[in-house]
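Next come the chains, spelled out residue by residue.
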Amino acid sequence: RTRPSLLEYLSYLLNFMSIIAGPCSNYKDYIAFIEGRHVHMKLLEVNWKQKGYDRLPDPSPTGAVMYKLCITLVSLILFLTLTKNFPMTYIIDNEFLDKTPFLSRLGYLYVVTQAAKPKYYFAWTLADAVNNAAGYGFSGVDERDTFRWDLLSNLNIWNIETATSFKMYIENWNIQTAAWLKRVCYDRAPWYPTALTFILSALWHGIYPGYYFTFLTGILITLAARAIRNNCRHYFLSSVPLKIAYDIVTWVVTQLAVCYTVAPFVMLAVEPTIKFYKSMYFHMHILSILVLLMLPIRAQAHSVRKPRNQAVQNSVKSK
């Protein structure tokens, strides 16, 4: 509500924990951390007297830091073993394409995509641990009265690996950047918020063509997945076996759709990307277009956020 000073502004933009390794955070939390009231601010959101405390507790980040360092160690080991043994470039090797049937190529695509993930798990979890070790990242208390240090967490590995929808996968991958994109683009775009947010994300990532193939494909698959979920999911909620079958099928489709979408992100260049999509017969693109043509698309509830002053003026006029 008050304009930051130049020093505060530059500190927020250029602080080491954000600009070098990430993740980004909102200004309110960052300045509270710098002023030494970050943890206190979160603790005040809980009624500690009802929980039997006569004063505010003093949460320690040690447990969270040790847990996250263990994840980084496992991720590093997986990166040094799996990633080098299963390179993404092998899925466009001519010999591999000539000798391997389509379904086997899909299975191998899943394997090489899994092998590419540990480096992201390592970097983001380590950055999160560094922030926690500095005392930043406390997010409050969960329903079991456990102190949470996930305010700056950039991914949720369990939710990623068990995602049953494209939306669920995206929401748990690069969480802080996704939150920033939602605030600056999705919530403010008057038209086509999903498409515009994906395009902005591609621009934000850089100039490699593979990024644009990934995010433009992501628009199609996100819209198609949304249409299928809105039109079909309620038919499978009537019994537990149907719901389990639905979850299994959507998990498989989601994981394969993600692999298909992110392969260009890893390949970066145009030629290998086109070769890859040709080897996959552009099947996800074609299926997504057919879904969008055949299924009715329900309008998403979407309201553009108005500037605070304008909202106040409108309120005054209505009175």
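Residues numbered from 1 in each chain as written. Predicted model: local features only at pLDDT ≥ 70, side-chain atom pairs only at ≥ 80, totals over all residues. Heavy atoms only, no water.

The name an unreviewed UniProt entry assigns to the chain is MBOA1 acyltransferase, from the organism Pelecanoides urinatrix. We quote the UniProt Subcellular location (unreviewed entry) comment for the chain here in full: "Endoplasmic reticulum membrane". (UniProt positions renumbered as here; feature names shortened; annotations may be inferred.)

Draft legend 1. Representation of the packing of aromatic side chains within the structure. Summed over all chains, the structure comprises 26 aromatic pairs. Each ring, one from Y120 and one from W124, has its centre 5.8 Å from the other, and the planes form 45°; the classification is tilted. Here the residue Y120 and the residue W124 both occupy positions in helix 8 (residues 118-133), the gap between them amounting to four residues, near one helical turn. Classification of Y120 as partly exposed rests on a relative accessible area of 21%. Through a chain of ring-to-ring contacts, the aromatic side chains of Y120, Y121, W124, Y169 and W173 assemble into a single cluster. (Phe/Tyr/Trp six-rings, centres within 6.5 Å; stacked < 30°, edge-to-face > 60°. Helix = DSSP H or I, 4+ residues; strand = E, 2+ residues; numbered from the N terminus. Buried < 20%, exposed > 50% of the residue type's maximum accessible area, 1.4 Å probe, protein only.)

Draft legend 2. The pattern of salt bridges, seen in detail. Applying the stated criterion to the full structure yields nine salt bridges. For D187, the salt bridge identified is with K182, shortest N-O distance 3.1 Å. Looking at D187, the relative accessible area reads 18%, which means it is buried. Note that K243 is salt-bridged to D247, the shortest N-O span being 2.8 Å. Residue K243 and its partner D247 are both found in helix 14 (residues 240-267); the two are separated by four residues, about one turn of the helix. Taking the relative accessible area as the measure of exposure, K243 reaches 25% and is therefore partly exposed. Look at D247 and you get partly exposed, because its relative accessible area is 25%. (Salt bridge = Lys/Arg side-chain N within 4 Å of Asp/Glu carboxyl O.)

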